[in-house]
Each structure stands twice: as structure tokens, then as C-alpha cells.
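Given next are the chains, with one letter for each unit.
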Amino acid sequence: MAKTIKTIGVLTSGGDAPGMNAAIRAVVRSGLAQGLTVKGIQRGYAGLLNGEIRDMKSHDVSEIIQRGGTILYTARSQEFIQEQGQVKAAEICREHGIDAVVVIGGDGSFRGAIALARQGVNTVGIPGTIDLDISCTDYTIGFDTAVNTAMEAIDKIRDTSSSHERCSIVEVMGRSAGYIAFHCGIATGAENILLPEIYDGDEQALINQVIATRKAGKKHHIIINAEGVGHSSSMAKRIEAATGVETRATILGYLQRGGSPTCRDRVMATMMGIKAVDILVAGGSNRVVASKNDAIVDFDFEEALAMKKDIPSEWMRMTKLLAR
Ligand code: ATP
């Protein structure tokens, strides 16, 4: 069992996600409630290396549960990827009396947390990314807000697409994973959903479907394209040229990262934040919090990062069934 933890730090790292603030609030308040000193580390590992560290009191996390983004800011750090940077970061933790760090972020941030643990600082990770692409967990903070934001935007595009009798290609985020695309596609009744995990690049099949739906009397044709497939603008030009149907591409981009977190994101972030502190108080380290079958659990970091998550095979059938 690790030595008793007295002071914990909390940071957000990698891409921001709505609900990170709720997780910070939960870590700060549950840490204080259990007699710990809590310090906020600004700008992720980059800020840690610059000593951007301040005490967090209960009122420092007032009025943030409903706010998107992260009050601690987030960053990426090349210096921290080098071992020298990691040694320096651990020294800075010791200078500030920080025994343990809660890292809220994605896979990359967790690799950083493992590196910090190797330098003698206890670490626990909380999955925070809109992409849902962390294998050990069924849920990542920010996903629900992001898909709802994208869904509302696609509903609006659909209105104008119908009025102008267009084909619309809407590109959503997700990096190399198709979770956002799949959920948005199903929720908006899209004619096609292109997922990086299963899209075979058969553009002729798409063209045939656009022609077929037009013949069947549909006034619009919505194609949800995942960031991991990409090339939406050139795809739109080729589809328009081949079908004669006016085709526009819209890349939703960063608006999917912002906004007030949904109820689900706030609740999950709160539960995960409390769990992270409980793990540290119980003497645990090098662990990542996860949601599995509706329970909040934790895994060893290395084991968690070695896990693989595939999209359900049923999704392929579902996307094809709806393409008419
Ligand atoms: P998102 O999925 O939202 O982009 P992420 O946490 O995967 O989030 P990354 O940019 O991959 O985002 O990682 C964030 C930071 O974590 C990096 O800038 C770097 O400082 C640190 N990091 C990433 N990989 C490693 C590694 N292998 N070793 C040490 N630190 C790392």
C-alpha cells in the first residue's frame, strides 16, 4: 500500500471535453471532504512543468458544474513526453508537496500518467474525451454533450437540405473512431453513416444510393461522415458530378467540443471524480476509472491501455439497413 496521501493535484490534458469541470469539482470537493489538500495544476503537463499550481478551495469550483471547457485549461506538452521532462515534473510535484495527481484526459494523457507514476508520483486517470475511444470504459466524459450538439446541428442542416433538395455530407469529430458518427447518424435518420472502422471506400455505392433515394422521391440525402474517413469536401464534389444532385459538405468542427454539459456528462463526471479520490485515499495508484455495465470501476493503467474496443458488429448491419 502506498504511503498515506495528504495532498493531491488535479489536471486536465489533451482535448477539452464538456463535463471536465464537473469532474474537477468532484475531485476537489471529495478530496477536501476527506481531509486532503487539493491543488489545481493548470494547462496539463505543460503547466505542471511550469509550476502553474494553485490551492483549490471549495469556492474555487463553485458555479462550474454547468460550464463547458475546463477551468484548469488544457494543453499538450512535447517536453513531458521526454523522460527528462517526466523527472522534472515529479520533482515539481514533490516541491509542492503533491503526493498524487488525478489526470482527466484521453489515452495520451494516461500514458503521461503512467510515466509520472514511474517517477514516484501516484496517479489516477479519469476518461475525458468526446471521442469515446478509450477501450477500458463504456463511457468517456463529454461524449453525450458532443453527440447531442452534433445532432442538433445536423437537424438544422437537414431543414435547409430539404428545402433546397440537396445532398448534405456532414463531417463529425471522433478522430479515428466512429462512435460520434454512428450515434449522430442514427439519431438524425441519416441515409448513410460512414464509420472509419467499416467504411470500405466504395463511393460508387454511395452515388447509387443518392440516385435511388432521389428516384424514390426523397427531398434530401444526409451522409454522416466520420473525421476518421474525412475528405468530405472532395467527396461532395464527386457525388454532385456523378449524380447531378447539388451536394454540400459541412464540417462541424470545434463546436462539438463546447457547450454546457448534459445531465449524463455531469453525473458521470461527478461519479468518476469521487471514485478517483476514493482510489487514492485507499492507497491505490496507477489506476484508471472506468464505467462498465453501468458500474464505476477501475483498472490498472497498463492493462487498460492494452485493451481493445471494437464497434459492435451489429452497427454495420444497422447503417446498411437505413441506407434507402
Ligand atoms: P484526446 O484524445 O482528447 O486528444 P489525449 O489525452 O489522448 O486526449 P494527447 O495529445 O495524446 O491527448 O496527450 C496529451 C498529453 O499527454 C501530451 O501532450 C503529452 O504531454 C502527454 N503524453 C502523451 N503521450 C505520452 C507518452 N507516451 N508519454 C508521456 N506523456 C505522454
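Each value, and the rule that gives it
- Residues numbered from 1 in each chain as written.
- Predicted model: local features only at pLDDT ≥ 70, side-chain atom pairs only at ≥ 80, totals over all residues.
- Heavy atoms only, no water.
- Salt bridge = Lys/Arg side-chain N within 4 Å of Asp/Glu carboxyl O.
- Helix = DSSP H or I, 4+ residues; strand = E, 2+ residues; numbered from the N terminus.
- Buried < 20%, exposed > 50% of the residue type's maximum accessible area, 1.4 Å probe, protein only.
- Domains from an automatic or database assignment.
- Contact = heavy atoms within 4.5 Å.
- Buried area = accessible area lost by both parts, 1.4 Å probe.
- Polar contact = N/O pair within 3.5 Å; in protein donor to acceptor, adjacent residues only side chain to side chain.
- Nonpolar A, V, L, I, M, F, W, Y, C, P; charged D, E, K, R; others polar.
- Core = buried A, V, L, I, M, F, W, Y, C linked by side-chain atoms within 4.5 Å.
- Near = heavy atom within 4 Å.
- Areas by Shrake-Rupley, 256 points an atom, 1.4 Å probe, with all protein chains shown as cover.
- Expected span 1.5 Å × (residues − 1).
- Pairing = 2+ DSSP bridges.

Undergrad: Give me the pattern of salt bridges: which residues, what numbers.
TA: In this structure the tally under the stated criterion is 14 salt bridges. Here arginine 166 ties to glutamate 246 by a salt bridge, and the two come within 3.4 Å at their closest N and O atoms. You can see arginine 166 sitting in the loop between α6 (143-163) and β6 (167-172) and its partner glutamate 246 sitting in the loop between α9 (232-243) and β9 (247-251), a full 80 residues away along the chain. Judged by relative accessible area, arginine 166 falls into the buried class, the value being 13%.

Undergrad: Mind laying out the domain arrangement of the protein chain, listing which residues take part and the relevant values?
TA: Domain boundaries in the protein chain define domain 1 (7-142 + 261-306) and domain 2 (147-256). Contact residues are listed per partner, giving 5 residues for domain 1 and 8 residues for domain 2. Both sides of the domain 1 and domain 2 interface together cover about 610 Å² of buried area, and 59% of this is carbon and sulfur. On the domain 1 side of the contact with domain 2, Ile130, Asp131 and Leu132 bury the most area, a combined 66% of that side's loss. Here arginine 175 and aspartate 131 are joined by a salt bridge, their closest N and O atoms 3.6 Å apart. Counting across the domain 1 and domain 2 interface gives 0 residue pairs in polar contact (both at pLDDT 80 or more). Partitioning the side of domain 1 that touches domain 2 into residue classes produces 2 nonpolar, 1 polar and 2 charged.

Undergrad: With reference to specific residues and values, describe the nonpolar core.
TA: Counting 59 residues, the largest nonpolar core has Ile8, Ile126, Val172 and Ile180 as its most contacted members. Counting contributing residues per domain, this core is built from domain 1 (7-142 + 261-306) and domain 2 (147-256), each supplying no fewer than three. Residue contacts for isoleucine 126: discarding those within four places in its chain leaves Val27, Val102, Val103, Ile104, Gly105, Phe110, Ile141, Met272, Gly273, Ala276 and Val289. Counting residues in each nonpolar core, the second largest holds 26 residues, with Val103, Leu116, Phe299 and Ala304 among its members.

Undergrad: Describe the side chain of serine 109, naming the residues involved and giving the relevant values.
TA: By the secondary structure assignment, serine 109 is in helix α5 (residues 107-118). Judged by its relative accessible area of 5%, serine 109 is buried. Not counting chain neighbours up to four residues away, the residues in contact with serine 109 comprise Ser13, Gly14, Tyr45 and Val103.

Undergrad: Give a description of the site of the ligand that names residues and reports values.
TA: Taken together, 17 residues lie around the ligand, and Arg76, Ser77, Gly106, Ser109 and Arg175 are the ones closest in. One of the side-chain nitrogen or oxygen atoms of arginine 76 is found 2.5 Å away from an oxygen atom of the ligand. At 3.5 Å, a backbone N or O of aspartate 107 approaches an oxygen atom of the ligand. For the ligand, whose free accessible area comes to 630 Å², the fraction covered by protein is 85%. Per-element tally for the shell around the ligand: the top contributor is α5, with 5 residues. Looking at the shell around the ligand residue by residue, the class counts come to 3 nonpolar, 10 polar and 4 charged.

Undergrad: How would you summarise helix α1 (residues 20-33) if you had to cite specific residues and measurements?
TA: Structurally, the α-helix is built with 3.6 residues per turn, so residues lying three or four positions apart point the same way. Along its 14 residues, α1 runs 20 Å from first to last C-alpha, staying within 8% of the 20 Å computed at 1.5 Å per residue. When we look at burial in α1, the residues that qualify are Met20, Asn21, Ala22, Ala23, Ile24, Ala26, Val27, Val28, Ser30 and Gly31. Positive phi appears at glycine 35, one or two residues downstream of α1, with a value of about 85°.

Undergrad: Which residues make up the pairing of β6, and what values go with them?
TA: Burial analysis of β6 places 6 of its 6 residues in the buried class, the great majority of the element. Here β6 shows no split at all, with Cys167, Ile169 and Glu171 on one side and Ser168, Val170 and Val172 on the other all buried. As paired strands, β6 and strand β8 (residues 221-226) are joined by 6 bridges and run parallel to one another. Note that in β8 the partner of glutamate 171 across the bridge is asparagine 225. Relative to β9, β6 runs parallel, the two sharing 5 bridges. Following the sheet pairing, serine 168 is matched in β9 by arginine 248.

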